[in-house]
Amino acid sequence: MNTYTYPKNDEMLQRASKVIPAGVYGHLGPAEGCFIPISAYPKFCDHAKGAYFWDLDGNRFIDYMCAYGPNILGYCDDDVDAAAKAQMDVANCTTSPSYKMVEFAELLTDTVSMADWAFFAKNGGDVTTLAMLTARAATGKKKIIFVKGYYHGVAQWTQRADAPWVLKGEVENNLMVDFNDIAGLKKIIEENKDDIACFISTPYMHGNFVDNVLPADGYWQAVRKLCTDNGIVLIIDDVRCGFRLDVAGSDHYYGFEADMLCLCKGIANGYNVSALCGKDFLKPVVSSITYTGSYWMSAVPFAAGIASINKMKALGGGAKHLELGRRVCDGVAKAAKENGVNLSISGEPCMFYMIIKDDDSLLLHQEWIAEVVKRGVFMTNHHNHFTNLALSDEDINYTAEVADEAFKVMTKNHPEIYKK
Amino acid sequence: MKDQNALAYINMFAVLKDLEKLCEFDERAKELASPAKPVSISFNVGNGPQATLSFENGKCTMTEGLGGQIKLKLASPEAFNQMIDGVKNPLPYGGFTKLKFLMNDFKELTDIMNRYLRADETSLKDRKFFEKSTTMMFYLIASALSAIGNNDELGKLSASKIPDGSIAMEIAGGPCAEIVVKGGHMTTICQKAKNPRAYMIFGDFDTARGLFDGTVESMSALAVGKIVMKGYIPMIDNLNRILSRVAVYLA
C-alpha cells in the first residue's frame with residue numbers, strides 16, 4: 001500500500017497557526033487530538049461524502065472518527081442535505097422561530113423513550129450545563145456526583161481546580177465515584193445526604209486511555225433506585241452514544257429511565273443542534289431558567305434533524321450501527337492476533353476503543369495508529385471511534401487489510417518485543 | 001496565588017540547585033567553586049526546606065539536609081524567600097572561618113547565575129550565551145516542577161493524577177531531565193531519562209526559550225511539530241498543569 005504525505009495540509013497549518021490559537025484548537029486539532037507523530041495525520045478536509053473525507057492533498061480516508069460523532073448516516077447524506085437546503089430556501093435564523101422547531105421536538109419526544117419535552121441548543125456542553133442547572137434549581141441542592149474519568153464538556157463546573165482558568169469554588173461541589181460502584185455511590189450519598197442535586201454519567205464508561213467499561217448487570221437499575229429514593233436527579237450524558245446504540249435513547253437500551261437525557265452528536269447528521277430531553281416534572285423548572293443563544297432556534301438544523309432521525313429509523317438505527325461496529329472490530333482483532341499483538345478492544349462495538357497492551361507507554365499503539373492513518377483509515381490514538389451507516393463491506397475489509405499491514409510495519413520496527 | 005512554603009522549596013531545590021549546572025559550564029563559576037579547602041553552606045529554613053551546598057574542585061553539589069560548615073538559619077520560608085530576592089541577609093551561626101567565601105565567592109556565584117537567569121537582550125544576542133542561559137532556565141524549570149508538584153496545593157492535585165513512571169523532558173540536542181513520579185511524589189533528576197513512559201521534547205533552543213519567556217504559544221508549537229509529546233499522554237497533561245504554576249512562581 002502507498003502511504004500518504006501532506007504538504008498542502010502542513011502549509012495550511014502553518015498559515016492557521018499565525019491567525020488561529022493553536023492552529024486548530026480543540027479535539028479536532030493536532031494537539032488535543034493526539035496526532036502522534038503530527039506528520040502522519042491530515043489536518044484539513046477538502047470535501048467529504050459517505051464514509052470518507054478527502055484532505056487538502058487529495059488523500060482519501062475511511063473515517064472512523066465521524067467528526068467525533070456527528071456523522072451518523074454518512075457525510076453529505078442526500079436526504080438530510082435536501083431537507084436542509086429546502087429549509088434554507090424558506091427561512092433559517094429568524095425573529096419568530098420556525099414551526100420546524102415544534103415538529104422536531106414532537107419527533108424527538110415520540111422517538112426518545114424518556115422524553116416528555118425537548119430544549120434545543122447547539123453543542124453537547126450547552127445541554128449538559130443546562131441539565132446541571134435544572135437539577136440544582138429543581139432540588140435546591142448544590143453537589144454533583146460524577147463518574148471518575150468523566151467528560152461532560154469544557155464548562156468550568158466540569159473541570160478540575162488545577163486548570164488555570166478554573167476557580168476553586170466552581171468545582172468544590174463535585175463528588176467522584178467509580179463506574180459500576182454501587183457501594184461507593186451509596187457511601188457518597190450517605191456522606192452528603194440532602195445536599196446532592198444530581199448524578200451525571202455517560203451510559204457506559206467511554207473514557208480515554210483506559211479500557212471502556214460497560215454497565216454491570218443491574219447497575220443502572222440500582223442507580224435509578226438510589227437517585228429516586230434520595231431525591232437526586234439522574235442525568236444521562238448521551239452526547240456521544242445517543243442514537244448510535246438506540247434511537248430511543250441509551251437509557252432505554254440499558255433498561256432504565258433517566259430524568260434528563262443530553263443529546264447532540266447523533267441527532268442531525270452534522271447539522272448544529274443539541275437537545276436536552278426531560279421528564280414532565282422538570283419542565284416548569286427548566287422553562288424558568290434564563291438560558292438561550294443567538295442561533296439556538298435556527299430552522300435548518302431542525303429540518304436536517306427531522307430528516308436524519310427518520311432515515312436512521314428506516315435504516316435500522318442503533319442495531320445497524322452495532323452490527324457494523326462488530327464487523328470492523330472483528331477484522332482489526334483478527335489482524336492483531338495474526339501479528340502477535342495484544343490489542344484490547346472495549347466499549348460498545350459502534351464506539352470501539354482500542355489499546356495495544358504490549359507496553360505501558362502506549363508508544364507502540366501510537367506507532368500503529370500512525371501507520372493506519374498514513375494508509376487511508378482515519379483513527380485516533382486515545383479516543384473511542386465511531387461508525388456511520390455509509391460504511392460498506394469493502395470499507396470494512398479494507399480497514400482490516402490496513403490494520404494488518406500497519407501491525408506488520410510496527411512489529412518489524414520492534415523486534416525486541418515481537419520476536420518471530 | 002503564591003504559597004511561601006512552595007516558593008521556598010522552589011528557591012532551594014530549583015534556583016540554588018541550578019548552581020550545580022552553572023559550575024559545569026561557566027569558567028568563572030568553576031574557579032569560584034574551587035576553594036583551597038572544600039567549603040559547604042547549610043540553609044536551615046524554619047518549617048521549610050533544608051539543604052547544603054558543597055563547593056570542591058570546581059564542582060557544586062546540593063544535598064538535602066544540614067551539616068555544612070557555614071550555617072545559615074532562616075526563621076521561616078518567607079525569610080528564606082526574602083534572602084533569595086536579596087532583601088534580607090541572614091546571620092550565620094557557624095563556620096565563621098569560611099565567611100569570606102560566603103561574602104565574596106558565593107555572592108559572585110549567585111551574581112553570575114542571575115546574569116544567566118535574568119539575561120538582558122544584548123547578552124542573548126551571543127548564541128553561546130543564549131544556549132547556556134536557556135539551559136540554566138531549562139534545569140531551573142525542570143526542578144521547579146517537582147518542587148511545585150510536591151508542595152503547592154494545586155500542584156499536589158495535579159501530581160496526584162500523574163500515573164507512576166518517568167517523563168523525559170528535553171531540548172533536542174541540548175539538556176535533558178527525567179521527572180520520576182511515584183504515588184504522586186515527583187523527583188527531578190537532571191540527566192537523560194533511561195526508560196521514560198512519556199516524552200516532552202522541545203524541538204530546539206529557540207522554541208524552548210520562547211516558551212519559557214512566554215513569547216511562543218505552546219499549542220501552536222505543538223501543532224506544527226516544534227514540541228513533541230508522546231507516550232502516556234495523561235502524564236504530560238498533568239505535568240503541563242504544573243508547568244502553568246511554574247509561571248505563577250517564577251514570572
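### Some details on the domain arrangement of chain A
Residues and elements named next belong to chain A.
- Along its sequence, chain A is organised into domain 1 (7-75 + 317-412) and domain 2 (78-315).
- Relative to domain 2, the C-alpha centre of domain 1 lies at a distance of 26 Å.
- Counting from both sides, the interface comprises 31 residues of domain 1 and, opposite them, 30 residues of domain 2.
- Surface buried jointly by domain 1 and domain 2 totals about 2400 Å² across both partners, of which 56% is contributed by carbon and sulfur atoms.
- Together, I72, L73 and E348 form the three largest contributors to the area buried by domain 1 at its contact with domain 2, with a combined 25%.
- Summed over the shared surface of domain 1 and domain 2, the result is 2 salt bridges.
- One salt bridge connects D211 with K357, and the closest N-O pair in it is separated by 2.8 Å.
- Sorting the residues of the side of domain 1 that touches domain 2 by element identifies helix 11 (317-338), strand 11 (343-346) and strand 12 (353-356) as the ones contributing at least two each.
- Looking at the side of domain 1 that touches domain 2 element by element, the count peaks at 6 residues for helix 11.
- Among the residues forming the side of domain 1 that touches domain 2, the class breakdown is 14 nonpolar, 13 polar and 4 charged.

### Focus on the interface of chain A and chain B
- Each partner contributes to the interface: chain A provides 26 residues, whereas chain B provides 23 residues.
- Surface buried jointly by chain A and chain B totals about 2000 Å² across both partners, of which 63% is contributed by carbon and sulfur atoms.
- Of all residues in chain A, A:R160, A:D162 and A:F209 bury the most surface against chain B, accounting for 27% of the area lost on that side.
- Ionic pairing is found between B:R197 and A:D360, a salt bridge with its closest N-O pair at 3.6 Å.
- Taken together, chain A and chain B are joined by 9 residue pairs in polar contact (both at pLDDT 80 or more).
- For the side of chain A that touches chain B, the elements supplying multiple residues, two or more each, are helix 1 (7-19) and helix 12 (363-374) of chain A.
- Considering each element in turn, the side of chain A that touches chain B owes the most residues, 3 residues, to helix 1 of chain A.

### Some points on the packing of helix 2 (residues 18-25) of chain B against helix 7 (residues 127-151) of chain B
All names here are of chain B.
- Between helix 2 and helix 7, whose axes approach to 9 Å, the crossing angle comes to 155°. Classified by the interaxial angle, the pair formed by helix 2 and helix 7 is roughly antiparallel. The handedness of the crossing between helix 2 and helix 7 is right-handed. Mapping the contact onto sequence places D18, K21, L22 and F25 in helix 2 and K132, T135, M136, Y139 and L140 in helix 7.
- When the residues that make up the contact of helix 2 with helix 7 are grouped by side-chain class, the tally is 5 nonpolar, 1 polar and 3 charged.

### What to know about a nonpolar patch on the surface
- Together, A:V19, A:I20 and A:Y25 make up an exposed nonpolar region whose accessible area comes to about 340 Å².
- If you trace the backbone, A:Y25 turns up in the loop between helix 1 and strand 1 (45-49).

### Re the pairing of strand 7 (residues 196-201) of chain A
All names here are of chain A.
- Burial analysis of strand 7 places 6 of its 6 residues in the buried class, which makes it a mostly covered element.
- With 3 bridges joining them, strand 5 (residues 143-147) and strand 7 adopt parallel strand pairing. By the bridge assignment, I145 is partnered in strand 7 with F199.
- The pairing of strand 7 with strand 8 (residues 233-237) spans 4 bridges and is parallel. The partner of F199 across the bridge, within strand 8, is L234.
- Regarding the hand of the β-α-β motif, the stretch spanning strand 7, helix 7 (residues 219-229) and strand 8 is right-handed.

### Points about the domain arrangement of chain B
Residue and element names in this part refer to chain B.
- By the assigned domains, chain B splits into domain 1 (4-118) and domain 2 (122-250).
- At the junction of domain 1 and domain 2, the tally comes to 0 salt bridges.
- The interface formed by domain 1 and domain 2 contains 2 residue pairs in polar contact (both at pLDDT 80 or more).
- Elements with a contribution of two residues or more to the side of domain 1 that touches domain 2: helix 1 (4-16), helix 2 and helix 5 (99-117).

### Remarks on the packing of aromatic side chains
All names here are of chain A.
- Counted by the stated rule, this structure contains 34 aromatic pairs over all chains.
- When the ring of Y41 is compared with that of F378, the centres are 6.2 Å apart and the planes differ by 80°; the resulting orientation is edge-to-face. Of the two residues, Y41 sits in the loop between helix 1 and strand 1 while F378 sits in strand 13 (residues 377-378), which places them 337 residues apart along the sequence.
- With a relative accessible area of 1%, Y41 lands in the buried category.
- Through successive ring pairs, a cluster of aromatic residues spans Y4, Y6, F35, Y41, F53, F61 and F378.

Thresholds applied
Residues numbered from 1 in each chain as written. Chains lettered and ligands numbered in written order. Predicted model: local features only at pLDDT ≥ 70, side-chain atom pairs only at ≥ 80, totals over all residues. Heavy atoms only, no water. Domains from an automatic or database assignment. Contact = heavy atoms within 4.5 Å. Buried area = accessible area lost by both parts, 1.4 Å probe. Salt bridge = Lys/Arg side-chain N within 4 Å of Asp/Glu carboxyl O. Helix = DSSP H or I, 4+ residues; strand = E, 2+ residues; numbered from the N terminus. Nonpolar A, V, L, I, M, F, W, Y, C, P; charged D, E, K, R; others polar. Polar contact = N/O pair within 3.5 Å; in protein donor to acceptor, adjacent residues only side chain to side chain. Axes fitted to C-alpha atoms, helices over the stretch in contact; angles between N-to-C directions. Parallel < 35°, antiparallel > 145°, perpendicular 65-115°, else oblique. Left-handed = near helix turned anticlockwise from the far one by under 90°. Patch = residues over 30% accessible without salt bridge, like charges linked within 9 Å, V, L, I, M, F, W, Y side chains within 5 Å. Areas by Shrake-Rupley, 256 points an atom, 1.4 Å probe, with all protein chains shown as cover. Buried < 20%, exposed > 50% of the residue type's maximum accessible area, 1.4 Å probe, protein only. Pairing = 2+ DSSP bridges. Right-handed = clockwise from strand over helix to strand, strands pointing away. Phe/Tyr/Trp six-rings, centres within 6.5 Å; stacked < 30°, edge-to-face > 60°.

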